[in-house]
Amino acid sequence: MATLHLLGTGAPLSQSHRTTTMLACTSDESTLVIDCGGDVVQRLFAAHIELDTVEALILTHEHVDHTGGFPLMMEKLWLSGRRRPLPVYGLESAIDQVRRSFATYDTKPWIGLPEIHWTPVESGAGSRVLSNADWQVTAAPGIHPVPVIGLRIASVKTRRVMVYSADTAPSEAITRLAARANVLVHEATGSGPGHSSASEAARTAAVAGVQRLLLVHIPRNFRERDIVDARRIFAATELGQELGAYRI
């Protein structure tokens, strides 16, 4: 079975029960982690996901609430006894950001630290991110102050699809990426430069013909009427639940 885990559902400044938006997709023996703006290993533990199943980390963009926890993630993976390499996928700008951040720490005493396999991803629509026996992942560019990619993650075994918008204003490329997905995870920070409101996310879901919409990147000032308004546009709209697990 393939499962989507919402490891975090908040914007950079959110309610007290939400941490920064981070996702994981799990199969029976394989886990993909998407973004690491907070303590992603603690969230994996809270979701009962074994660290040794993590096959890759995918970074959607360089902003701190999506990458700032990378050094802590690497330390915790090392302390857990992991020694096999960690593939890290993302745009060049995101990879450069986490590489610089990690390089500020003296890791020479960390004997056996897993090697990091940096793998740049193209920003064009339909760009391949990774493909293996469990997952097929493609990307498309969003609209944000810095380069960003949304992700389409297909389970090879179940043939079901999850799409993650990442941070983006309403985007035709992201709408096409989400076409007929089983689950669309879309940010709902609020309408403005580089971001979308709950209602704008609902319009994307309706046009894309998805089955289910989960709102994430929830800001501190999110109102109950925001979800009510979104459901008028797309009835199958839900607020993403912190540590919620959803079939994909």
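So, a few notes on the structure that sits alongside this text. (Residues numbered from 1 in each chain as written. Predicted model: local features only at pLDDT ≥ 70, side-chain atom pairs only at ≥ 80, totals over all residues. Heavy atoms only, no water.)

1. Describing the sheet that holds strand E14 (residues 245–247)
Part 1 of the argument: The strand order across the open sheet formed by 7 strands is E6-E5-E4-E3-E2-E1-E14, and the pairing between neighbours is mixed. Edge positions in the sheet fall to strand E6 (116–120) and E14, since each has one partner strand and no second. Taking each pair of neighbouring strands and ignoring which way they run, the sheet shows an average axis angle of 20°.
Part 2 of the argument: Strand contacts of helix H3 (residues 70–79): strand E4 (54–59), strand E5 (86–90) and E6, with the helix running at about 160° to E5, the strand carrying the most contacts.
Part 3 of the argument: This element, helix H4 (residues 92–103), spans E4, E5 and E6 of the sheet and lies at about 155° to E6. (Pairing = 2+ DSSP bridges. Helix = DSSP H or I, 4+ residues; strand = E, 2+ residues; numbered from the N terminus. Axes fitted to C-alpha atoms, helices over the stretch in contact; angles between N-to-C directions. Contact = heavy atoms within 4.5 Å.)

2. A short note on the nonpolar core
Part 1 of the argument: Within the largest apolar cluster, 30 residues are counted, with the highest numbers of intra-cluster contacts made by Leu-4, Trp-135, Val-137, Leu-151, Ile-153, Met-162 and Val-185.
Part 2 of the argument: Formed by 26 residues, the second largest nonpolar core is a distinct cluster that contains Leu-7, Trp-78, Leu-86 and Ala-94. (Core = buried A, V, L, I, M, F, W, Y, C linked by side-chain atoms within 4.5 Å. Buried < 20%, exposed > 50% of the residue type's maximum accessible area, 1.4 Å probe, protein only.)

3. Structural notes on the packing of aromatic side chains
What describes a pair of aromatic rings is the distance from one ring centre to the other and the angle between the planes of the rings.
Part 1 of the argument: The full count for this structure, using the stated rule, is 4 aromatic pairs.
Part 2 of the argument: A ring pair is formed by Phe-70 and Phe-102, whose centres lie 5.6 Å apart and whose planes are at 80°; its orientation type is edge-to-face. Separated by 32 residues along the polypeptide, Phe-70 in helix H3 and Phe-102 in helix H4 bring together distant segments of the chain. When sorted by exposure, Phe-70 lands in the same class as Phe-102, which is buried.
Part 3 of the argument: A ring pair is formed by Phe-70 and Trp-118, whose centres lie 5.8 Å apart and whose planes are at 45°; its orientation type is tilted. Taken together, the residues span a long stretch of sequence, with Phe-70 in helix H3 and Trp-118 in strand E6 at a distance of 48 residues. (Phe/Tyr/Trp six-rings, centres within 6.5 Å; stacked < 30°, edge-to-face > 60°.)

4. Some details on the side chain of Ser-196
Part 1 of the argument: Here Ser-196 shows up in the loop between strand E11 (183–187) and helix H6 (198–208).
Part 2 of the argument: Among the polar contacts listed, one links the side chain of Ser-196 to the backbone oxygen of Thr-168, at a separation of 2.6 Å.
Part 3 of the argument: For Ser-196, the residues in contact, after removing those within four places along its chain, are Thr-168, Ala-169, Pro-170, His-186, Glu-187, Ala-188, Thr-189, Gly-190 and Ser-191. (Polar contact = N/O pair within 3.5 Å; in protein donor to acceptor, adjacent residues only side chain to side chain.)

5. Overview of the layout of surface pockets
Part 1 of the argument: By volume, the largest pocket amounts to about 170 Å³.
Part 2 of the argument: Considering the residues around the largest pocket, the lining is formed by Ala-188, Thr-189, Gly-190, Ser-197, Ala-198, Ser-199, Pro-219, Asn-221, Phe-222, Arg-223, Asp-226 and Asp-229.
Part 3 of the argument: Those elements giving two or more residues to the lining of the largest pocket turn out to be H6 and helix H7 (224–233).
Part 4 of the argument: Its residues placed into classes, the lining of the largest pocket shows 4 nonpolar, 5 polar and 3 charged. (1 Å grid on protein atoms, 1.4 Å probe; cavity = no way out; pocket = protein on both sides within 12 Å on 5 of 7 lines; lining within 4 Å. Points joined across faces, edges and corners; volume = space filled by probe spheres on them. Nonpolar A, V, L, I, M, F, W, Y, C, P; charged D, E, K, R; others polar.)

6. Side note on the packing of H6 against H7
Part 1 of the argument: Here H6 crosses H7 at 20°, and the two axes come no closer than 8 Å. As judged from the angle between their axes, H6 and H7 are roughly parallel. Considering the relative orientation of H6 and H7, their crossing is right-handed. On H7, the residues touching Ala-198, Ser-199, Ala-202, Arg-203 and Ala-206 of H6 are Asp-226, Asp-229, Ala-230 and Ile-233.
Part 2 of the argument: In the contact of H6 with H7, the residues fall into 5 nonpolar, 1 polar and 3 charged. (Parallel < 35°, antiparallel > 145°, perpendicular 65-115°, else oblique. Left-handed = near helix turned anticlockwise from the far one by under 90°.)

7. Examining unusual backbone geometry
Negative phi values dominate among residues other than glycine, just as trans dominates among peptide bonds.
Part 1 of the argument: Its identity is not glycine, yet Ala-166 carries a phi of approximately 60°, on the positive side.
Part 2 of the argument: Structurally, Ala-166 can be placed in the loop between strand E10 (161–164) and helix H5 (172–177).
Part 3 of the argument: Since its relative accessible area comes to 0%, Ala-166 is described here as buried.
Part 4 of the argument: If you check the backbone angles, Leu-243 has positive phi at about 65° while not being a glycine.
Part 5 of the argument: Residue class for Leu-243 comes out partly exposed when judged on its relative accessible area of 31%.

8. Comments concerning the pattern of salt bridges
Part 1 of the argument: Scanning the entire structure with this criterion turns up 12 salt bridges.
Part 2 of the argument: The partner of Arg-99 in a salt bridge is Asp-96, and the shortest N-O contact between them spans 3.1 Å. Of this pair, Arg-99 and Asp-96 both sit in helix H4, 3 residues apart, roughly one helical turn.
Part 3 of the argument: Accessibility expressed as a relative area gives 36% for Arg-99, which makes it partly exposed.
Part 4 of the argument: Two residues, Asp-226 and Arg-223, come together in a salt bridge whose shortest N-O distance is 2.8 Å.
Part 5 of the argument: We classify Asp-226 as buried; its relative accessible area is 16%.
Part 6 of the argument: Taking relative accessible area as the criterion, Arg-223 reaches 46% and is therefore assigned partly exposed.
Part 7 of the argument: Here the residues in one salt-bridge network are Asp-52, Glu-55 and Arg-84, joined through shared partners. (Salt bridge = Lys/Arg side-chain N within 4 Å of Asp/Glu carboxyl O.)

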